[in-house]
Every structure is written in structure tokens, then in C-alpha cells.
Amino acid sequence: MKLGFVTDSLGGMSFDDVLKNAQRMGVQGLEINTCGWSTAPHFKLADMLGKPGAQKAYAAKLADHGLEIISLNANGNPLHPTDPKQGNDLRDTIRVAGEMGIKKVCTMSGLPAGSAKDVMPNWVVSSWPPETQTMLKYQWEEKLIPFWTEIVALAKENGVEQIALELHGNQCVYNVPSLFKLREAVGPVIGANLDPSHLFWMGADPLIAAEALGEAVYHVHAKDTFLNAPKQATTSLLENGSLMDIPARSWSYITLGFGHGEEWWRQFCYRLKMGGYDGWLSIEHEDVLLNSLEGLEKSVTLLQNVMPAAAADFKPQEI
């Protein structure tokens, strides 16, 4: 496995300082935010699309620090009913990735409205009342599958081999079954960006999910979640309080090791290997209580201690 981090983890730093810190910490690559829910302080789509000189200079900067581009990250809601820019920026991210020879793009599946008359995204997480099924049918058959059929074709045209969808709340694809449902409909260009932090707060088990997804794991975000048991006991894990008020929430994103210890992350890496994944672990730091650089450093150290780095070479002796 190889270790890197999402550039927005140090979103308040200049790109040069991000590169210097990445090299100092000993990671091997960076996942570059391009649009969507990120202001993309380290990569401007308009300055890159169709501009090979700028693209080469950008890649050279990373190479000068011993770093690879892990993927481009276009996280957002590309199926937002009133904001077509998010979908268009995903398309441009795929085009830029193709121009730069980057084979993987990370994004979200998207969340449409619940009907053609709605103007707000609608996340259906129950099977009753009956209108929930009407909404799901509309979202999947009229929006999600046609959109991803088009995007998969665009990816193939541009040489992008993998689109890793983050299993994230408030998206149509948020767990193992919904990932497989879309993958079956549009093909294996679509795979999972397995981020355990979201599965924790949705009540799933990332260790089992890693094995269940198997070859459909295209990417891994290393992010942890703090489950605040006293609050969870009365609030449940359905939490809509401020992300900045950690004590009041039943769950919060947190620095690696502060929610689940080193032993858990060791098991996670091993389960990934059991399922056939031997790719990147990309840290996404979103802890609001710790300094971003300090939290990222602690996360890097933890993963360097637990992740397999060398190829397996054991075989039984001939006796």
C-alpha cells in the first residue's frame, strides 16, 4: 500500500507549503481537490483544462518533491437539481485527468431531488411512507443511472479507468448495496472510495465492507469518527447539530487514532488486503479541534506504523 493525503487537509496552506510538508512527512502522493464542496485552493480547473504547459508544470512540482498525483477529487453533488456547475465541473475534472494521464477520479454519486418538481436534494433512508419508494424510483431511473451512463462514457473517452464514489451520507450511493446497484447498471468503471468515517456514523462495519466490496474498492480515504456514546444514547446517530460543536454531537470526524485506535486501523489494512486491495490510503483530515498540520502528522505516523508496504513473499518450505 502507498500513503498520501487529500490536499484540502491543509487547505489553509499555500501549495508550496503543502508540498514541503508532504515531503517532510514521508508520504508518497497527494489527492488533489478540484471543485464541488472545495474551493480548490491548490488546483484551478479553468487554469488547467486544455493547457498542457500548466499541467506539466503542476505535475513537475510534485515530482520535484518525490510525490505522485494519487487522483483528482471532485467531491460534491453532481446531480444537484439547481446547481448544474457541480456536474459540469466533474466532467471537466475527468477531461483534465485524461489530459494529464491520471487514471482515477474520486467523486460522489450525487443526490437529485425527490421529483421533477422539487428544487432541493432529498436523501431517502427509509422504506415508508410509500412516497419514499416513488422518490427512489425517480432518483435512480430518471436521474442517477442516465447521468452515470453518460459519465462512464466520458471517462472512457478520456482514458480515465476508475471513478471512485465515496460511500457518503446524503448521496444515492452511500453503502455497499447501493454501490453494487449502480456498478451493475453502468459497469466497472464505477467503484468505491471506501471511507470508514462515514460507515461508522451510519452504523455499518468498515472491516466487513472492505471484504464485501472486494475488487470494487478503487480508493480508500483514511478518516476516523468519534462516536460520543452519552449523546448517541439520546440523539441516536442521526445527527444534524453543528459540525463545530463536538461535545454536543453524537458523532464527529476526528484525527486517526482518536476515534479508533491503532489496532483497529491495523485490522482495516489487513481486511483491505484480504479483499484484494493494495492501493493508496489517502488521509482526509477534518478534525475541528486539532491543528490541521498536527492532526495530519499524527495520522501519517499511525498509518506508517500499521499499513503493509512491501510485497508479500511467504511460501511454505518444501519439506
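Remember, predicted model here, so these are calculated numbers, not experimental data.

Colleague: Is there a simple way to think about the pairing of strand 3 (residues 68–73) in this case?
Modeller: Successive side chains on a regular strand alternate, one facing one side of the sheet and the next facing the other. Across the six residues of strand 3, five count as buried, placing the element largely inside the fold. Strand direction decides the pairing type here: strand 2 (residues 29–33) and strand 3, joined by five bridges, are parallel. The residue of strand 3 that forms the bridge with E31 is S71. The parallel pair strand 3 and strand 4 (residues 104–107), bridged by helix 4 (residues 84–100), forms a crossover whose chirality is right-handed.

Colleague: Sorry if this is basic, but what is going on with the packing of aromatic side chains here?
Modeller: Under the defined criterion, the tally for this structure stands at eleven aromatic pairs. Where F15 meets Y58, the ring centres are 4.8 Å apart and the plane angle is 10°; that geometry is what we call stacked. Pair noted here: F15 is in helix 1 (residues 15–25) and Y58 is in helix 3 (residues 52–64), with a separation of 43 residues, a long-range link. A single burial state applies to F15 and to Y58, both of which are buried. Centroid distance W123 to Y174: 5.4 Å. Interplanar angle 85°. Geometry classified as edge-to-face. Placement of W123 in the loop between strand 4 and helix 5 (131–157) and of Y174 in the loop between strand 5 (162–166) and helix 6 (176–186) is noted, with a sequence separation of 51 residues between them. You can call W123 partly exposed: its relative accessible area is 22%. Every member of this aromatic cluster is reached through a ring pair, and the members are W123, Y174, W201, W251 and Y253. Across from the ring centre of Y253, 3.8 Å away, lies the NZ or CZ of K223, which sits over that ring.

Thresholds applied
Residues numbered from 1 in each chain as written. Predicted model: local features only at pLDDT ≥ 70, side-chain atom pairs only at ≥ 80, totals over all residues. Heavy atoms only, no water. Buried < 20%, exposed > 50% of the residue type's maximum accessible area, 1.4 Å probe, protein only. Helix = DSSP H or I, 4+ residues; strand = E, 2+ residues; numbered from the N terminus. Pairing = 2+ DSSP bridges. Right-handed = clockwise from strand over helix to strand, strands pointing away. Phe/Tyr/Trp six-rings, centres within 6.5 Å; stacked < 30°, edge-to-face > 60°. Lys NZ or Arg CZ within 6 Å of the ring centre and 35° of its normal.

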